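Architecture at a glance
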Amino acid sequence: MKKLITLTFLFAFSCIMNAQEVPVDVKTYTVKEGKIYQAEKDVTETLSEEKRNAVFATHEMELKVQEEKAQAEIAKQKADQLKEVKEKELQKAEKEKEEKIKKAEKEEGKREKELKKNEKDLKKAEKKQKQAEKALKKKEKAQKSFDKANSKLESSQKKYEKLKKKGKLSPEDEAKWLKKLEGLNSDIKKAEKKLRKA
């Protein structure tokens, strides 16, 4: 649309220029279709050859100047259009760059969030593992205590039975042994209770 308006303007302008007034000396002449007019009167034949050549030369020079002005205007318009296109491209590139930066920042934020979540999950897992290890150690300790108490009771019972069979126990010693065995039974019950809790 701009080109059409420009072309129409240039065409009208060149038509007007074709019928322009050319001042030579003090008189004003108009050149139309190869003839020289003064105040709408054809004076081509009345002018001297030298004067006609001067008028035509001046007219040609003004036409060239007008044509150069028109071409300069067209070049300026093209340059303005090109500048506008370049500015739009630059704005578009800048916008794309900003969008890429925002996208990269958003992705970086997501990665950091994910990393923090993973670290938190890892800490939870480590805590659970430590608790499980602690519970296992506690259970193993309780099992050892139970096994030790059981072993002590068995060995003490065997020793008591052996001494009783041989008849080497006095009533006082037997009371001590029974008390000792009762204490060991109590220790086994406590160890068993701890083992169940663990």
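So, here's what we can say about the structure.

Cut-offs and rules
Residues numbered from 1 in each chain as written. Predicted model: local features only at pLDDT ≥ 70, side-chain atom pairs only at ≥ 80, totals over all residues. Heavy atoms only, no water. Salt bridge = Lys/Arg side-chain N within 4 Å of Asp/Glu carboxyl O. Helix = DSSP H or I, 4+ residues; strand = E, 2+ residues; numbered from the N terminus. Buried < 20%, exposed > 50% of the residue type's maximum accessible area, 1.4 Å probe, protein only. Expected span 1.5 Å × (residues − 1). Contact = heavy atoms within 4.5 Å. Core = buried A, V, L, I, M, F, W, Y, C linked by side-chain atoms within 4.5 Å. Pairing = 2+ DSSP bridges. Axes fitted to C-alpha atoms, helices over the stretch in contact; angles between N-to-C directions. Parallel < 35°, antiparallel > 145°, perpendicular 65-115°, else oblique. Left-handed = near helix turned anticlockwise from the far one by under 90°. Nonpolar A, V, L, I, M, F, W, Y, C, P; charged D, E, K, R; others polar.

**Some details on the pattern of salt bridges**
Going through the model one piece at a time under the given rule, you end up with four salt bridges. The shortest N-O distance in the salt bridge between R196 and E192 comes to 3.3 Å. Placement of both R196 and E192 in helix α3 (residues 171-197) is noted, with a separation of four residues, approximately one turn of the helix. The class for E192 is partly exposed, based on a relative accessible area of 30%.

**Some thoughts on α3**
Between the first and last C-alpha of α3 there are 39 Å, a value that for 27 residues agrees with the 39 Å anticipated at 1.5 Å per step. Among all positions of α3, only W177, L181, L184, I188, A191 and L195 are buried. Buried positions along α3 lie against α2 (49-166).

**Things to note about α2**
One turn of the α-helix equals 3.6 residues, which is why residues spaced by three or four share an orientation. The terminal C-alpha atoms of α2 lie 171 Å apart, and with 118 residues this matches the ideal 176 Å at 1.5 Å per residue to within 8%. Just beyond α2, the residue with positive phi is G167, at close to 75 degrees.

**A short note on the nonpolar core**
Side chains that are nonpolar tend, in soluble globular proteins, to be buried together. By size, the foremost hydrophobic cluster in this structure holds twelve residues: A142, F146, A149, L153, Y160, L169, W177, L181, L184, I188, A191 and L195. For this core, the secondary-structure elements that each account for two or more residues are α2 and α3. The dominant element in this core, judged by the number of residues it contributes, is α3, at six residues. The contacts of Y160, once residues within four sequence positions are left out, are L169, E174, W177, L178 and L181. In terms of nonpolar packing, the next biggest core, distinct from the first, is built from six residues, Y29, V31, V43 and V55 among them.

**Concerning the pairing of strand β3 (residues 35-38)**
Side-chain direction in a regular strand flips from residue to residue, so the side chains alternate between the two faces of the sheet. Across two bridges, β3 lies against strand β4 (residues 41-42) in antiparallel orientation. Within the sheet, the bridge partner assigned to Y37 lies in β4 and is D42. Taking the residues that link successive antiparallel strands as the turn, the β3-β4 hairpin has two residues, and the phi of A39 there is positive, at about 55 degrees.

**Here's the deal with the environment of K141**
As for its position among the elements, K141 is in helix α2. Take K141: its relative accessible area is 62%, and that puts it in the exposed class. Spatially, the C-alpha atom of K141 lies 8.5 Å from that of L195, the residues being 54 residues apart in sequence.

**What about the packing of α2 against α3?**
Where α2 contacts α3, the two axes come as close as 9 Å, and the packing angle between them is 160 degrees. As summarised for this structure, α2 and α3 are arranged roughly antiparallel, according to the angle between their axes. Along this stretch, α2 crosses α3, giving a crossing that reads as left-handed. Of the residues contributing to the contact of α2 with α3, the split by class is 13 nonpolar, six polar and nine charged.

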